[in-house]
Amino acid sequence: MAAALAIGIGSERGDDAAGLAVVRALAGRLPPGAVATELHGDPTALLERWRGAAAVVLVDAVRGCGPPGSLHRFDASREPIPAPAGPGTHSLGFAAAIELGRSLDELPARLVAIGIEGAEFALGGALSAPVAAAIEPAAAAVLAELMAG
Amino acid sequence: MAEARDPAGDGARRRTIRTDYLARVEGEGAMQVEVEDGQVTDVRLEIFEPPRFFEAFLRGRAFSEAPDITARICGICPVAYQMSSARAMEDALGVEVGGPLRDLRRLIYCGEWVESHALHVFMLHAPDFLGYEGVVDMAADHPQVVRDALEIKKTGNAIIELLGGREVHPINVRVGGFYKLPSRAALARLRERLLRARELAQEAVRWTARLEFPEFERDVEMVSLSQPGEYPIDRGRLVSNRGLDIAASEFDLHIVEEHVEHSNALHARLRERGAYLAGPPARYSLCSAELSEMATAAAAEAGLDGECRNPFRSIVVRAVEVLYALDEAVRLIDAYEPPDAPAAEVEPRAGVGHGWTEAPRGMLYHRYELDEQGTILEARIVPPTSQNQKSIEEDLLGVVREAIELPEEELQLRCEQAIRNYDPCISCATHFLDVRIERR
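Residues numbered from 1 in each chain as written. Chains lettered and ligands numbered in written order. Predicted model: local features only at pLDDT ≥ 70, side-chain atom pairs only at ≥ 80, totals over all residues.

Q: Just give me the short version of the overall build of chain B, but keep the residues and values in it.
A: Regarding its fold elements, chain B presents 14 helices and 16 strands. The buried share among the 440 residues of chain B stands at 56%. (Helix = DSSP H or I, 4+ residues; strand = E, 2+ residues; numbered from the N terminus. Buried ≥ 20, exposed ≤ 12 C-beta atoms within 10 Å, placed from the backbone.)

Q: Outline the sheet that holds strand β15 (residues 376-382) of chain B, listing residues and values.
A: Residues and elements named next belong to chain B. With antiparallel pairing, three strands are arranged side by side in an open sheet as β13-β14-β15. Sheet topology places β13 (351-359) and β15 at the edges, where each strand pairs with a single neighbour. Strand-to-strand twist across the sheet, computed as the mean angle between neighbouring axes with direction ignored, equals 15°. Sheet topology note: the strand β14 (residues 362-370)/β15 ladder contains six bridges and is antiparallel. Residue pairing across strands places L370 opposite I376, the latter belonging to β15. Here helix α12 (residues 384-402) sits on the sheet in contact with β13, β14 and β15, set at roughly 130° to β14. (Pairing = 2+ DSSP bridges. Axes fitted to C-alpha atoms, helices over the stretch in contact; angles between N-to-C directions. Contact = placed C-beta atoms within 7 Å.)

Q: How would you explain the sheet that holds strand β3 (residues 55-62) of chain A if you had to name every residue and give the values?
A: All names here are of chain A. Here we have five strands laid out as an open sheet, ordered β2-β1-β3-β5-β4, and mixed in their pairing. If you trace the sheet from one side to the other, it starts and ends with β2 (34-39) and β4 (71-75), each paired once. When the angles between neighbouring strand axes are averaged without regard to direction, this sheet yields 20°. Of the strands in this sheet, β1 (4-9), β2, β3, β4 and β5 (110-117) touch helix α4 (residues 129-148), which is tilted by about 170° from β5.

Q: Before we move on, could you go through the environment of B:Y109 and cite the residues and values that matter?
A: All names here are of chain B. Mapped onto the elements, Y109 comes out in helix α4 (residues 99-130). Overall, the presence of 27 C-beta atoms within 10 Å leaves Y109 in the buried class. Between the alpha carbons of Y109 and R313 there is a distance of 23 Å; along the sequence they are 204 residues apart. Those residues within four positions of Y109 in sequence are excluded, and the remaining contacts are V79, M83, I233 and D234.

Q: Give me the packing of helix α3 (residues 78-93) of chain B against α4(B): which residues, what numbers.
A: A pair of packed helices can be characterised by two numbers: the angle between their axes and the separation between those axes. All names here are of chain B. Between α3 and α4, whose axes approach to 9 Å, the crossing angle comes to 150°. Taken together, the axes of α3 and α4 lie roughly antiparallel to each other. α3 and α4 meet at a crossing whose hand is left-handed. Every residue of α4 that contacts α3 at V79, A80 and M83 is listed here: R105, I108, Y109 and E112. Among the residues forming the contact of α3 with α4, the class breakdown is five nonpolar, no polar and two charged. (Parallel < 35°, antiparallel > 145°, perpendicular 65-115°, else oblique. Left-handed = near helix turned anticlockwise from the far one by under 90°. Nonpolar A, V, L, I, M, F, W, Y, C, P; charged D, E, K, R; others polar.)

Q: Just give me the short version of the confidence of the model for chain A, but keep the residues and values in it.
A: Residue and element names in this part refer to chain A. When pLDDT is averaged along chain A, the result is 89; 93% of the residues meet or exceed 70. Of all secondary-structure elements in chain A, the lowest mean pLDDT belongs to helix α3 (residues 94-103), at 91, while helix α1 (residues 18-25) reaches the highest, 97. Counted against residues more than four places away or in other chains, residues 85-89, with its pLDDT under 50, gives eight contacts. (pLDDT = per-residue confidence, 0-100.)

Q: Can you break down the packing of α12(B) against helix α13 (residues 408-420) of chain B residue by residue, with the values?
A: All names here are of chain B. Where α12 contacts α13, the axes come no closer than 9 Å and their chain directions differ by 150°. In terms of their interaxial angle, α12 and α13 are classed as roughly antiparallel. Relative to α13, the crossing made by α12 is right-handed. When α12 is examined against α13, the residues I392, D395, L396, V399 and V400 are found in contact with a partner set consisting of L411, R414, C415, A418 and I419. Classifying every residue of the contact of α12 with α13 by side-chain character gives eight nonpolar, no polar and two charged.

Q: Just give me the short version of the environment of B:L304, but keep the residues and values in it.
A: All names here are of chain B. Along the polypeptide, L304 turns up in the loop between α10 (293-301) and α11 (314-335). Sequence separation between L304 and F53 is 251 residues; the distance between their C-alpha atoms is 40 Å. The contacts of L304, once residues within four sequence positions are left out, are A299, V316, V317 and V320.

Q: Explain α3(B) to me, using residue names and the numbers behind them.
A: Residue and element names in this part refer to chain B. Spanning 16 residues, α3 covers 22 Å between terminal C-alpha atoms, matching the ideal 22 Å at 1.5 Å per step. With 16 of 16 residues buried, α3 lies mostly within the body of the structure. Directly after α3, the chain includes G94, whose backbone phi takes a positive value near 70°. (Expected span 1.5 Å × (residues − 1).)

Q: So what about the nonpolar core? Which residues, and what values?
A: B:I159, B:V320, B:V322 and B:L323 are the most contacted members of the largest nonpolar core, which totals 133 residues. The greatest single-element share of this core, amounting to 15 residues, is contributed by α4(B). Each residue touching B:I159, except ones within four places of it in the same chain, is listed here: B:L107, B:I108, B:C110, B:G111, B:V114, B:L190 and B:A329. Of all hydrophobic cores here, the second largest spans 44 residues; its members include A:I7, A:V62, A:F74 and A:A138. (Core = buried A, V, L, I, M, F, W, Y, C linked by C-beta atoms within 7 Å.)

Next comes the structure, spelled out in structure tokens:
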């Protein structure tokens, strides 16, 4: 298990693929001992994915945090990441999966989430221009987090 | 929210209790209960999530597209949609999928039962019985239960990933069979995981049996697929405890769907007798004799006596079905002999086809009409939550009648729990819940 782990979260639905694009952009640039991986499915799989890692950086598309393409940093090891209020859903979302990890005392010592504000989420759609332009800055931010860890 | 009022000015005592959002269900809806002078006068499950028009999307598409298009209706039970649509298309096209291909379909379906039920039992429903707001709170006090549940769920996902190509919205199912067959080595690796999950599931049944269940039973017509010699998953006739015994092609003769003003999901009822119950308690009550030895022993130890009439005990039935599905998956892998081809040959032709299978929440019916090129002319999909709406309302009526003296907050929670007994998938039915109890 890598000491530092970047996990890109997303699906091929327009800007929802931003997290995947960021970890793909990290290929060949990771510091020694760090690994980048993608997560497409069940959010609770995070708990297994990050087992043994001391520092984990999640990167995912977000909504409602700012203008499209803007980057947002959340220190999830200190406090819950802000999730949409209101009704629960049938499956646990990523914010709930992180809180489940906190309840089970299974959070990595350092857990940072980088959010990229998305604009368009159409099935099979490409990244929107502001999000495509944010991939490299987001990759640099993830690298900086991995090296700081 | 509770309020006592007398809008009619006739001195009658009317009360309103309202929960704006019922969590831990899929989709958007509301519930309203009206109580006047201590008597329940009206119960309505309101589904206001907008219609999704999947049936209209399907018109003009090729028959071969139906499994992948309909799988998008639900992120929790995509396999059920793929299976019912494939079965209906095969019926229309005169194709029979048997032998190892059928066993592989049953295997991927077992995966969906495991992941869907494990999610519902432990993440969504168990917090009701233990007084937690959700699984995150529950996990702090019951960490091992939640860890085991996650392991069980993950094993279900692993089955779907192996057979379906990926764990969410699998892409490997086609009319006639599969695109690609799993390797023996991959099935052998999966089998090892299944054995571990099966042990955890045995303990999970015991754990659910120790929960406290409200005393409540309702005399209801229960319907389930039934196939001699096997617990119903992927085929069978539709039978009930009141004499129903029909083929899929007879669906419309016996079941009618009605629009009701307070719901965007159609209400289904039996033409002859009205509301009916589909899903795990019905399957168990009608077909428990077909469970595997291991599942039967676990059910008996859990105090289920071959029938489940208390909807609150459906959590135990789901746990038994998780165990069964894992046990059945092991059996299917042990018996597997690779078929010659990953799919049967399918030639388009004009026709009408019907297909139904047992989704985790109950029977899911599809009907398609095709033209000579195999283009879809008409599509019809009747999901289990739509079928159970009337039954949910009748449960609520009974629950409120029996628990009317409970403090407001407890009664409200009891109602929400009664809805979650059904693991309702409102997005499938249409189509969250905002719970209101009005006492007048």
